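Spelled out from the first residue to the last, the chains are:
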Amino acid sequence: MRTDQANSRNLLPKTAAPPRLTHRGPEMAMIEIGGPDMVASRIALGTWAIGGSMWGGSDTRSALRTIDAAIDHGINLIDTAPAYGFGLAEEIVGRALAPNGRRRRILIATKCGLEWQGDKIRRNASPARIREEIDASLKRLRTDYIDLYQLHWPDPGVPIEESAGALATLLQEGKIRAVGVSNLDRAQTERFRQIVPIRTTQPPYNLFEQEIAAELLPYATQTGLVLLAYGALCRGLLGGKMSSATRFEGDDLRRVDPKFQQPRFDQYLAAVAELDQFARGHFGTGVLALAVRWILDRGPTIALWGARRPDQLAEIGTVMGWSLDAAAMDQIDRILARTIVSPIGAGFMAPPAADAERAAA
Ligand SMILES: NC(=O)c1ccc[n+]([C@@H]2O[C@H](COP(=O)([O-])OP(=O)(O)OC[C@H]3O[C@@H](n4cnc5c(N)ncnc54)[C@H](OP(=O)(O)O)[C@@H]3O)[C@@H](O)[C@H]2O)c1
(Lines give C-alpha, C1' and ligand atoms only; values in the text may rest on other atoms or scores of the structure.)
Protein backbone atom coordinates (compact mmCIF):
# COMPACT_ATOMS: atom_id res chain seq x y z
CA MET A 1 0.00 0.00 0.00
CA ARG A 2 1.28 3.54 -0.77
CA THR A 3 1.86 6.02 2.00
CA ASP A 4 -0.17 9.17 2.56
CA GLN A 5 2.87 11.14 1.57
CA ALA A 6 2.90 9.43 -1.84
CA ASN A 7 -0.79 10.18 -2.24
CA SER A 8 -0.45 13.85 -1.48
CA ARG A 9 1.65 14.16 -4.62
CA ASN A 10 -1.39 13.26 -6.67
CA LEU A 11 -3.19 16.45 -5.75
CA LEU A 12 -2.03 18.41 -8.76
CA PRO A 13 -3.55 21.79 -9.62
CA LYS A 14 -6.28 21.55 -12.25
CA THR A 15 -4.18 23.56 -14.70
CA ALA A 16 -0.65 22.21 -14.64
CA ALA A 17 2.48 23.22 -16.51
CA PRO A 18 3.02 21.27 -19.75
CA PRO A 19 4.64 17.87 -19.09
CA ARG A 20 8.42 17.93 -19.23
CA LEU A 21 9.88 15.86 -22.07
CA THR A 22 13.23 14.33 -21.28
CA HIS A 23 15.07 13.21 -24.39
CA ARG A 24 18.14 11.07 -24.03
CA GLY A 25 19.59 10.83 -27.54
CA PRO A 26 18.78 7.69 -29.48
CA GLU A 27 17.69 5.72 -26.43
CA MET A 28 14.15 5.71 -25.15
CA ALA A 29 12.78 9.21 -24.52
CA MET A 30 10.91 9.76 -21.27
CA ILE A 31 8.07 12.01 -20.16
CA GLU A 32 6.76 13.06 -16.78
CA ILE A 33 3.17 12.02 -16.12
CA GLY A 34 1.85 14.82 -13.93
CA GLY A 35 5.11 15.34 -12.04
CA PRO A 36 8.59 13.98 -11.35
CA ASP A 37 7.21 11.11 -9.24
CA MET A 38 6.00 9.38 -12.40
CA VAL A 39 8.39 9.31 -15.34
CA ALA A 40 7.37 7.05 -18.21
CA SER A 41 8.86 5.90 -21.49
CA ARG A 42 7.29 7.62 -24.50
CA ILE A 43 6.52 4.21 -25.95
CA ALA A 44 4.37 1.98 -23.74
CA LEU A 45 3.49 -1.66 -24.28
CA GLY A 46 -0.20 -2.26 -25.06
CA THR A 47 -1.51 -5.65 -23.96
CA TRP A 48 -4.92 -5.97 -25.60
CA ALA A 49 -3.68 -8.59 -28.08
CA ILE A 50 -1.84 -10.39 -25.26
CA GLY A 51 -5.27 -11.02 -23.74
CA GLY A 52 -6.17 -12.90 -26.92
CA SER A 53 -9.87 -12.21 -27.04
CA MET A 54 -10.84 -10.25 -30.19
CA TRP A 55 -7.31 -10.94 -31.46
CA GLY A 56 -7.61 -14.58 -32.49
CA GLY A 57 -6.16 -16.09 -29.29
CA SER A 58 -3.26 -15.69 -26.87
CA ASP A 59 0.09 -17.44 -26.37
CA THR A 60 1.27 -16.95 -22.78
CA ARG A 61 4.93 -17.88 -23.36
CA SER A 62 5.22 -15.48 -26.24
CA ALA A 63 3.41 -12.78 -24.25
CA LEU A 64 5.81 -13.16 -21.31
CA ARG A 65 8.79 -12.90 -23.64
CA THR A 66 7.25 -9.80 -25.24
CA ILE A 67 7.04 -8.09 -21.85
CA ASP A 68 10.70 -9.00 -21.19
CA ALA A 69 11.66 -7.58 -24.58
CA ALA A 70 9.69 -4.38 -23.97
CA ILE A 71 11.57 -3.80 -20.70
CA ASP A 72 14.89 -4.55 -22.42
CA HIS A 73 14.03 -1.87 -25.02
CA GLY A 74 13.58 0.74 -22.26
CA ILE A 75 9.80 0.58 -21.91
CA ASN A 76 8.70 1.14 -18.30
CA LEU A 77 4.94 1.60 -18.81
CA ILE A 78 2.55 -1.27 -19.51
CA ASP A 79 -1.06 -0.54 -20.41
CA THR A 80 -3.61 -3.22 -19.70
CA ALA A 81 -7.28 -3.68 -18.71
CA PRO A 82 -9.51 -6.31 -17.07
CA ALA A 83 -11.45 -6.62 -20.33
CA TYR A 84 -8.37 -7.74 -22.31
CA GLY A 85 -8.93 -11.48 -22.39
CA PHE A 86 -11.35 -11.18 -19.42
CA GLY A 87 -8.51 -10.92 -16.92
CA LEU A 88 -5.88 -12.87 -18.84
CA ALA A 89 -3.79 -9.87 -19.95
CA GLU A 90 -3.60 -8.57 -16.38
CA GLU A 91 -2.65 -12.04 -15.12
CA ILE A 92 0.17 -12.28 -17.66
CA VAL A 93 1.44 -8.80 -16.76
CA GLY A 94 1.35 -9.74 -13.07
CA ARG A 95 3.25 -12.94 -13.74
CA ALA A 96 5.88 -11.14 -15.83
CA LEU A 97 6.52 -8.45 -13.22
CA ALA A 98 6.43 -10.54 -10.06
CA PRO A 99 10.04 -11.84 -10.03
CA ASN A 100 13.13 -9.87 -8.92
CA GLY A 101 11.34 -6.80 -7.61
CA ARG A 102 10.60 -5.79 -11.20
CA ARG A 103 7.17 -4.52 -10.26
CA ARG A 104 8.65 -1.48 -8.49
CA ARG A 105 10.52 -0.39 -11.62
CA ILE A 106 7.57 -0.64 -14.00
CA LEU A 107 4.49 1.56 -14.17
CA ILE A 108 1.25 -0.35 -14.52
CA ALA A 109 -1.68 1.42 -16.17
CA THR A 110 -4.94 -0.48 -16.01
CA LYS A 111 -8.61 0.43 -16.32
CA CYS A 112 -12.11 0.12 -14.88
CA GLY A 113 -15.70 0.67 -15.99
CA LEU A 114 -16.51 -2.36 -18.14
CA GLU A 115 -18.13 -5.68 -17.24
CA TRP A 116 -18.78 -8.84 -19.19
CA GLN A 117 -21.11 -11.80 -19.41
CA GLY A 118 -19.62 -14.67 -21.40
CA ASP A 119 -17.74 -12.84 -24.14
CA LYS A 120 -20.14 -9.85 -24.26
CA ILE A 121 -18.59 -6.68 -22.88
CA ARG A 122 -20.65 -3.69 -21.80
CA ARG A 123 -20.11 -0.50 -19.84
CA ASN A 124 -20.58 -0.32 -16.10
CA ALA A 125 -18.78 2.55 -14.41
CA SER A 126 -20.85 2.53 -11.21
CA PRO A 127 -18.91 3.00 -7.96
CA ALA A 128 -19.92 -0.53 -6.87
CA ARG A 129 -18.46 -2.06 -10.05
CA ILE A 130 -15.27 0.02 -9.75
CA ARG A 131 -14.73 -1.14 -6.16
CA GLU A 132 -15.14 -4.73 -7.27
CA GLU A 133 -12.78 -4.28 -10.19
CA ILE A 134 -9.87 -2.69 -8.35
CA ASP A 135 -9.50 -5.62 -5.97
CA ALA A 136 -9.72 -8.15 -8.80
CA SER A 137 -7.11 -6.21 -10.80
CA LEU A 138 -4.71 -5.94 -7.85
CA LYS A 139 -4.97 -9.69 -7.35
CA ARG A 140 -4.41 -10.57 -11.01
CA LEU A 141 -1.54 -8.09 -11.26
CA ARG A 142 0.03 -9.50 -8.05
CA THR A 143 0.50 -6.04 -6.59
CA ASP A 144 -0.93 -3.79 -3.89
CA TYR A 145 -1.11 -0.58 -5.95
CA ILE A 146 -1.87 0.52 -9.50
CA ASP A 147 0.26 3.39 -10.83
CA LEU A 148 -2.33 4.78 -13.24
CA TYR A 149 -6.01 3.79 -12.98
CA GLN A 150 -8.12 4.88 -15.94
CA LEU A 151 -11.85 4.99 -16.54
CA HIS A 152 -12.01 2.82 -19.67
CA TRP A 153 -15.22 4.23 -21.21
CA PRO A 154 -17.79 6.73 -19.96
CA ASP A 155 -21.03 5.02 -18.94
CA PRO A 156 -24.15 6.96 -20.01
CA GLY A 157 -26.09 5.15 -17.25
CA VAL A 158 -23.87 6.59 -14.47
CA PRO A 159 -23.19 10.32 -13.89
CA ILE A 160 -19.54 10.92 -14.66
CA GLU A 161 -19.11 12.57 -11.26
CA GLU A 162 -20.02 9.28 -9.54
CA SER A 163 -17.38 7.32 -11.45
CA ALA A 164 -14.83 10.06 -10.73
CA GLY A 165 -15.79 9.99 -7.03
CA ALA A 166 -15.09 6.25 -6.86
CA LEU A 167 -11.61 6.84 -8.28
CA ALA A 168 -11.02 9.70 -5.81
CA THR A 169 -11.73 7.26 -2.97
CA LEU A 170 -9.25 4.71 -4.33
CA LEU A 171 -6.64 7.46 -4.57
CA GLN A 172 -7.21 8.39 -0.93
CA GLU A 173 -6.98 4.75 0.08
CA GLY A 174 -3.62 4.39 -1.68
CA LYS A 175 -4.79 1.60 -3.95
CA ILE A 176 -3.92 3.75 -6.96
CA ARG A 177 -1.23 6.42 -7.41
CA ALA A 178 -2.86 8.45 -10.18
CA VAL A 179 -6.06 8.72 -12.19
CA GLY A 180 -6.57 8.87 -15.95
CA VAL A 181 -9.50 8.76 -18.34
CA SER A 182 -10.02 7.02 -21.66
CA ASN A 183 -12.50 7.62 -24.48
CA LEU A 184 -13.87 10.77 -22.79
CA ASP A 185 -14.35 13.90 -24.87
CA ARG A 186 -13.21 17.30 -23.71
CA ALA A 187 -16.45 18.25 -21.94
CA GLN A 188 -16.63 14.90 -20.12
CA THR A 189 -12.98 15.22 -19.12
CA GLU A 190 -13.67 18.69 -17.70
CA ARG A 191 -16.55 17.36 -15.58
CA PHE A 192 -14.49 14.41 -14.40
CA ARG A 193 -11.57 16.52 -13.21
CA GLN A 194 -13.82 18.76 -11.15
CA ILE A 195 -14.09 15.75 -8.83
CA VAL A 196 -10.63 14.20 -8.96
CA PRO A 197 -7.30 15.36 -10.41
CA ILE A 198 -6.29 13.45 -13.52
CA ARG A 199 -2.92 13.05 -15.16
CA THR A 200 -3.71 11.37 -18.47
CA THR A 201 -6.24 10.89 -21.22
CA GLN A 202 -6.29 7.85 -23.52
CA PRO A 203 -8.05 8.25 -26.88
CA PRO A 204 -7.45 6.52 -30.23
CA TYR A 205 -4.74 8.47 -32.07
CA ASN A 206 -2.59 7.44 -34.99
CA LEU A 207 -1.86 8.57 -38.55
CA PHE A 208 -5.17 7.12 -39.75
CA GLU A 209 -7.31 8.12 -36.75
CA GLN A 210 -6.81 11.79 -36.00
CA GLU A 211 -10.30 12.78 -34.78
CA ILE A 212 -8.98 14.05 -31.43
CA ALA A 213 -6.55 16.51 -33.07
CA ALA A 214 -9.15 19.30 -33.13
CA GLU A 215 -10.16 19.36 -29.46
CA LEU A 216 -8.74 16.79 -27.08
CA LEU A 217 -5.07 17.06 -28.07
CA PRO A 218 -4.90 20.88 -27.69
CA TYR A 219 -6.86 20.56 -24.45
CA ALA A 220 -4.36 18.01 -23.11
CA THR A 221 -1.47 20.22 -24.14
CA GLN A 222 -2.97 23.30 -22.47
CA THR A 223 -3.91 21.57 -19.23
CA GLY A 224 -0.78 19.49 -18.66
CA LEU A 225 -2.33 16.09 -19.36
CA VAL A 226 -0.27 13.38 -21.02
CA LEU A 227 -2.10 11.77 -23.94
CA LEU A 228 -1.73 8.01 -24.17
CA ALA A 229 -2.37 7.41 -27.88
CA TYR A 230 -3.98 4.02 -28.41
CA GLY A 231 -3.82 2.00 -31.60
CA ALA A 232 -0.45 3.54 -32.47
CA LEU A 233 -0.08 1.11 -35.38
CA CYS A 234 -3.77 1.23 -36.28
CA ARG A 235 -4.13 -2.40 -35.26
CA GLY A 236 -1.10 -3.44 -37.29
CA LEU A 237 -1.93 -1.62 -40.55
CA LEU A 238 0.91 0.84 -39.96
CA GLY A 239 3.31 -2.03 -39.25
CA GLY A 240 3.81 -2.16 -43.03
CA LYS A 241 3.61 -5.93 -43.38
CA MET A 242 0.05 -6.37 -44.64
CA SER A 243 -1.22 -6.85 -48.19
CA SER A 244 -4.67 -7.21 -49.73
CA ALA A 245 -4.17 -10.97 -49.33
CA THR A 246 -3.84 -10.68 -45.51
CA ARG A 247 -6.53 -12.67 -43.69
CA PHE A 248 -7.48 -12.69 -40.00
CA GLU A 249 -8.50 -15.78 -38.06
CA GLY A 250 -11.09 -16.64 -35.40
CA ASP A 251 -12.50 -13.75 -33.38
CA ASP A 252 -9.88 -11.25 -34.67
CA LEU A 253 -11.57 -7.82 -34.58
CA ARG A 254 -9.97 -6.89 -37.88
CA ARG A 255 -12.47 -9.21 -39.58
CA VAL A 256 -15.09 -6.54 -38.80
CA ASP A 257 -12.91 -3.42 -38.50
CA PRO A 258 -14.16 -1.23 -41.39
CA LYS A 259 -10.62 -0.18 -42.34
CA PHE A 260 -9.79 -3.78 -43.19
CA GLN A 261 -12.76 -4.27 -45.55
CA GLN A 262 -12.52 -3.72 -49.28
CA PRO A 263 -12.51 -1.40 -51.14
CA ARG A 264 -11.29 0.70 -48.19
CA PHE A 265 -8.53 -1.73 -47.17
CA ASP A 266 -6.72 -1.06 -50.48
CA GLN A 267 -6.86 2.69 -49.87
CA TYR A 268 -5.19 2.28 -46.49
CA LEU A 269 -2.63 -0.14 -47.93
CA ALA A 270 -1.82 2.41 -50.67
CA ALA A 271 -1.28 5.04 -47.96
CA VAL A 272 1.01 2.66 -46.06
CA ALA A 273 3.06 1.99 -49.22
CA GLU A 274 3.49 5.73 -49.93
CA LEU A 275 4.29 6.55 -46.32
CA ASP A 276 6.86 3.77 -46.29
CA GLN A 277 8.51 5.15 -49.42
CA PHE A 278 8.51 8.64 -47.90
CA ALA A 279 10.04 7.38 -44.64
CA ARG A 280 12.75 5.44 -46.44
CA GLY A 281 13.60 8.34 -48.76
CA HIS A 282 13.74 11.02 -46.07
CA PHE A 283 14.65 9.33 -42.80
CA GLY A 284 16.03 5.90 -43.63
CA THR A 285 13.29 4.18 -41.62
CA GLY A 286 10.12 2.30 -42.53
CA VAL A 287 6.49 3.26 -42.13
CA LEU A 288 6.22 1.79 -38.62
CA ALA A 289 8.91 4.09 -37.20
CA LEU A 290 7.37 7.03 -39.07
CA ALA A 291 3.94 6.27 -37.60
CA VAL A 292 5.19 6.09 -34.02
CA ARG A 293 7.48 9.12 -34.45
CA TRP A 294 4.51 11.07 -35.81
CA ILE A 295 2.57 10.46 -32.57
CA LEU A 296 5.52 11.54 -30.42
CA ASP A 297 5.98 14.76 -32.42
CA ARG A 298 2.35 15.89 -32.08
CA GLY A 299 2.47 16.93 -28.42
CA PRO A 300 2.78 15.53 -24.88
CA THR A 301 2.05 11.98 -25.96
CA ILE A 302 2.93 8.39 -25.21
CA ALA A 303 2.47 5.90 -28.05
CA LEU A 304 0.71 2.70 -26.95
CA TRP A 305 2.27 0.02 -29.15
CA GLY A 306 0.39 -3.28 -29.01
CA ALA A 307 2.60 -6.35 -29.35
CA ARG A 308 2.38 -10.05 -28.53
CA ARG A 309 5.69 -11.34 -29.92
CA PRO A 310 9.15 -10.02 -28.96
CA ASP A 311 10.22 -9.56 -32.60
CA GLN A 312 7.37 -7.06 -33.07
CA LEU A 313 9.28 -4.61 -30.85
CA ALA A 314 12.61 -4.93 -32.69
CA GLU A 315 12.23 -1.57 -34.45
CA ILE A 316 11.76 0.51 -31.29
CA GLY A 317 15.26 1.98 -31.52
CA THR A 318 14.53 3.41 -34.98
CA VAL A 319 11.83 5.68 -33.53
CA MET A 320 14.22 7.61 -31.29
CA GLY A 321 16.83 10.28 -31.99
CA TRP A 322 15.08 12.16 -34.84
CA SER A 323 11.90 14.15 -35.39
CA LEU A 324 9.44 15.28 -38.05
CA ASP A 325 9.44 18.97 -38.96
CA ALA A 326 6.49 20.99 -40.29
CA ALA A 327 7.40 20.31 -43.92
CA ALA A 328 7.45 16.54 -43.31
CA MET A 329 4.11 16.77 -41.48
CA ASP A 330 2.65 18.58 -44.53
CA GLN A 331 3.92 15.94 -46.90
CA ILE A 332 2.39 13.22 -44.73
CA ASP A 333 -0.96 15.05 -44.76
CA ARG A 334 -0.82 15.23 -48.55
CA ILE A 335 -0.15 11.49 -48.84
CA LEU A 336 -3.10 10.72 -46.56
CA ALA A 337 -5.47 13.05 -48.45
CA ARG A 338 -4.44 11.60 -51.83
CA THR A 339 -4.68 7.91 -50.95
CA ILE A 340 -7.55 7.58 -48.46
CA VAL A 341 -10.65 8.79 -50.28
CA SER A 342 -13.19 7.32 -47.84
CA PRO A 343 -11.61 7.58 -44.38
CA ILE A 344 -13.34 6.04 -41.38
CA GLY A 345 -12.68 6.43 -37.65
CA ALA A 346 -12.24 4.04 -34.72
CA GLY A 347 -15.87 4.25 -33.56
CA PHE A 348 -16.60 0.57 -34.26
CA MET A 349 -14.66 -0.36 -31.10
CA ALA A 350 -17.03 1.36 -28.64
CA PRO A 351 -18.66 -1.20 -26.30
CA PRO A 352 -22.44 -0.89 -25.79
CA ALA A 353 -23.92 0.77 -22.74
CA ALA A 354 -26.35 -1.29 -20.63
CA ASP A 355 -29.25 0.93 -21.81
CA ALA A 356 -28.38 0.44 -25.46
CA GLU A 357 -28.38 -3.32 -24.92
CA ARG A 358 -31.79 -3.22 -23.30
CA ALA A 359 -33.15 -1.11 -26.16
CA ALA A 360 -31.79 -3.55 -28.74
CA ALA A 361 -33.23 -6.58 -26.92
N1 LIG B 1 -8.62 2.63 -24.02
C2 LIG B 1 -9.12 1.94 -25.01
O3 LIG B 1 -10.34 1.90 -25.23
C4 LIG B 1 -8.17 1.18 -25.91
C5 LIG B 1 -8.61 0.68 -27.14
C6 LIG B 1 -7.69 0.03 -27.95
C7 LIG B 1 -6.37 -0.12 -27.51
N8 LIG B 1 -5.98 0.33 -26.29
C9 LIG B 1 -4.59 0.16 -25.78
O10 LIG B 1 -3.68 0.57 -26.79
C11 LIG B 1 -2.81 -0.52 -27.10
C12 LIG B 1 -2.39 -0.46 -28.55
O13 LIG B 1 -3.50 -0.58 -29.42
P14 LIG B 1 -3.84 -1.92 -30.20
O15 LIG B 1 -3.12 -3.04 -29.53
O16 LIG B 1 -5.30 -1.97 -30.36
O17 LIG B 1 -3.30 -1.67 -31.64
P18 LIG B 1 -1.90 -1.30 -32.30
O19 LIG B 1 -0.87 -1.01 -31.31
O20 LIG B 1 -2.22 -0.27 -33.30
O21 LIG B 1 -1.59 -2.64 -33.09
C22 LIG B 1 -1.21 -3.80 -32.42
C23 LIG B 1 -1.00 -4.91 -33.42
O24 LIG B 1 -0.12 -4.50 -34.45
C25 LIG B 1 0.64 -5.59 -34.90
N26 LIG B 1 2.06 -5.25 -34.77
C27 LIG B 1 2.74 -4.95 -33.62
N28 LIG B 1 4.04 -4.75 -33.89
C29 LIG B 1 4.18 -4.92 -35.22
C30 LIG B 1 5.30 -4.87 -36.08
N31 LIG B 1 6.53 -4.61 -35.63
N32 LIG B 1 5.09 -5.07 -37.39
C33 LIG B 1 3.86 -5.34 -37.87
N34 LIG B 1 2.77 -5.44 -37.12
C35 LIG B 1 2.92 -5.22 -35.78
C36 LIG B 1 0.28 -6.77 -34.00
O37 LIG B 1 -0.76 -7.53 -34.63
P38 LIG B 1 -0.51 -9.08 -35.05
O39 LIG B 1 0.13 -9.72 -33.86
O40 LIG B 1 -1.86 -9.59 -35.38
O41 LIG B 1 0.42 -9.01 -36.24
C42 LIG B 1 -0.29 -6.10 -32.79
O43 LIG B 1 -1.17 -6.89 -32.06
C44 LIG B 1 -3.65 -1.75 -26.73
O45 LIG B 1 -2.87 -2.93 -26.64
C46 LIG B 1 -4.26 -1.28 -25.43
O47 LIG B 1 -3.31 -1.34 -24.40
C48 LIG B 1 -6.86 1.00 -25.51
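Only a predicted model underlies this, so the values are computations on that prediction, with no experimental measurement involved.

(A) Spatial organisation of the overall build of the protein chain. For the protein chain, the helix and strand inventory stands at 12 helices and 13 strands. The C-alpha radius of gyration of the protein chain comes to 19 Å, within 12% of the 21 Å expected for a compact globule of 361 residues. Seen through its principal axes, the protein chain has C-alpha atoms that stretch 55 × 50 × 40 Å. Here the protein chain, with 361 residues, has 56% of them falling under the buried criterion. Within the protein chain, contacts between residues separated by at least 24 positions form 75% of all contacts whose residues are at least 6 apart in sequence. When the accessible surface of the protein chain is split by element, carbon and sulfur atoms take 52% of a total near 14800 Å².

(B) Inspection of helix H6 (residues 160-173) at higher detail. Over its 14 residues, H6 runs 20 Å from end to end, which matches the ideal 20 Å to within 8%, given 1.5 Å per residue. Within the sequence span of H6, burial applies to Ile 160, Ser 163, Ala 164, Ala 166, Leu 167, Ala 168, Leu 170 and Leu 171. At the C-terminal side of H6, Gly 174 shows a positive phi close to 80 degrees.

(C) Local environment of the confidence of the model for the protein chain. In the predicted model, the protein chain carries a mean pLDDT of 92, and 91% of its residues have values of at least 70. Of all helices and strands in the protein chain, the one with the weakest mean pLDDT is helix H1 (residues 4-8) (32), whereas strand S5 (residues 77-79) scores best (99).

(D) A look at the pattern of salt bridges. Within the structure shown, the criterion is met by 24 salt bridges. Glu 115 is the partner of Arg 122 in a salt bridge, and the nearest nitrogen-oxygen pair spans 2.7 Å. The exposure class assigned to Glu 115 is buried, which follows from its relative accessible area of 18%. Across the pair Asp 311 and Arg 309 runs a salt bridge, and its minimum N-O distance is 3.0 Å. Relative accessible area serves as the criterion here: at 47%, Asp 311 is assigned to the partly exposed category. Within the structure, one salt-bridge network assembled from shared partners comprises Asp 37, Arg 103, Asp 147, Arg 177 and Arg 199.

(E) The arrangement of the site of the ligand in detail. Not every one of the 29 residues close to the ligand is listed here, only the nearest: Asp 79, Arg 235, Lys 241, Arg 254 and Gly 306. Separating an oxygen atom of the ligand from a backbone N or O atom of Arg 235 is a distance of 2.7 Å. One of the side-chain N or O atoms of Trp 305 is found 3.3 Å from a nitrogen atom in the ligand. About the coverage of the ligand: the protein hides 93% of its 900 Å² of free accessible area. Of all the elements in the fold, those that place two or more residues in the shell around the ligand are helix H2 (48-51) and strand S13 (301-306). Broken down by element, the residue count for the shell around the ligand peaks at three residues, all from S13.

(F) The packing of helix H3 (residues 60-72) against helix H4 (residues 88-97), seen in detail. Two elements in contact, H3 and H4, have axes whose closest approach is 10 Å; the angle formed by their N-to-C orientations is 55 degrees. One way to sum up the angle between H3 and H4 is to call them oblique. In terms of crossing hand, the pair formed by H3 and H4 is right-handed. Between H3 and H4, the residues in contact are Thr 60, Ala 63, Leu 64, Ile 67 and Ile 71 and Ile 92, Val 93, Arg 95, Ala 96 and Leu 97, respectively.

(G) Local environment of the sheet that holds strand S6 (residues 107-112). Spatial ordering of the closed barrel is given by S4-S5-S6-S9-S10-S11-S12-S13, a layout of eight strands whose pairing is parallel. Geometrically, the sheet is characterised by an average inter-axis angle of 30 degrees between neighbouring strands, direction not taken into account. Where strand S4 (residues 43-46) and S5 come together, two bridges link them in parallel fashion. Bridge pairing links Gly 46 to Asp 79 in S5. Sheet strands in contact with helix H10 (residues 287-296) are S4, strand S12 (226-229) and S13, and its direction is about 150 degrees off that of S13.

(H) Structural detail: unusual backbone geometry. The peptide bond linking Gln 262 to Pro 263 adopts the cis configuration, its omega dihedral lying at 5 degrees. Within the fold, Pro 263 resides in the loop between S12 and helix H9 (264-283). We note that Met 54 has phi near 75 degrees; this positive angle belongs to a residue other than glycine. For Met 54, the position within the fold is in the loop between H2 and H3. One non-glycine residue, Asn 100, lies in the positive phi region at around 60 degrees. Relative to the helices and strands, Asn 100 is located in the loop between H4 and S6.

(I) View of the pairing of strand S8 (residues 120-123). Only one face of S8 is buried, namely the one carrying Ile 121 and Arg 123, since none of Lys 120 and Arg 122 on the opposite face is buried. With four bridges connecting them, strand S7 (residues 114-117) and S8 associate as antiparallel partners. Each bridged residue has a counterpart across the sheet, and for Gln 117 the counterpart in S8 is Lys 120. Connecting S7 to the antiparallel partner S8 that follows it, the hairpin turn spans two residues, and Gly 118 within it adopts a positive phi of roughly 60 degrees.

(J) Just the nonpolar core, in detail. Judged by nonpolar contacts, the single largest core of 122 residues is most densely connected at Phe 192 and Phe 208. Looking at this core element by element, the count peaks at nine residues for H10. Those residues in contact with Phe 208, other than ones at most four positions away along the chain, are Cys 234, Leu 237, Leu 238, Lys 259, Tyr 268, Ala 271, Val 272, Leu 275, Leu 336, Ile 340 and Ile 344.

Reading guide: rules and limits
- In this numbering scheme, every chain counts its residues from 1 along its sequence in written order.
- The model is predicted, so local features are restricted to residues of pLDDT at least 70 and side-chain atom pairs to those at 80 or more, both for listing and for counting; the totals for chains, interfaces and linings are taken over all residues.
- Heavy atoms from the whole structure form the basis of all side-chain values; hydrogens and water molecules are not counted.
- To qualify as a helix, a DSSP run of H or I must reach at least 4 residues; to qualify as a strand, a run of E must reach at least 2; elements of each kind are numbered from the N terminus.
- Our radius of gyration is a C-alpha quantity, and the globule rule it is checked against amounts to 2.2 Å times the number of residues to the power 0.38.
- Throughout, exposure labels follow a simple rule: accessible area from a 1.4 Å probe, protein chains only, divided by the maximum for the residue type, with under 20% read as buried, over 50% as exposed, and the rest as partly exposed.
- Contacts are assigned to residue pairs with any non-hydrogen atoms lying within 4.5 Å of each other.
- All accessibility values rest on the Shrake-Rupley procedure with a 1.4 Å probe; residue burial counts only the protein chains present in the view.
- A helix is expected to span 1.5 Å for every residue after the first.
- Per-residue confidence from the predictor is reported as pLDDT, a score between 0 and 100.
- What makes a salt bridge here is a side-chain nitrogen of Lys or Arg within 4 Å of a carboxyl oxygen of Asp or Glu, nothing more.
- Neighbouring residues are identified by heavy atoms, a residue being near a molecule or strand if any of them is within 4 Å of it.
- Residues adjacent in sequence count toward polar contacts only when both atoms are side-chain atoms; beyond that, a polar contact is any pair of N or O atoms within 3.5 Å, and within protein one must be able to donate a hydrogen and the other to accept it.
- Lines fitted to the C-alpha atoms define the axes, with helices restricted to the stretch that makes contact. Angles between their N-to-C directions range from 0 to 180 degrees.
- Here roughly perpendicular refers to angles of 65 to 115 degrees, roughly parallel to angles under 35, roughly antiparallel to angles over 145, and oblique to all remaining angles.
- Crossing handedness is defined as follows: a turn of the near helix away from the far one that is anticlockwise and smaller than a right angle gives a left-handed crossing, while the clockwise case is right-handed.
- Pairing between strands is defined by DSSP: at least two bridges between them are needed.
- Here, nonpolar core means buried Ala, Val, Leu, Ile, Met, Phe, Trp, Tyr and Cys residues that are tied together by side-chain atoms lying within 4.5 Å of each other.

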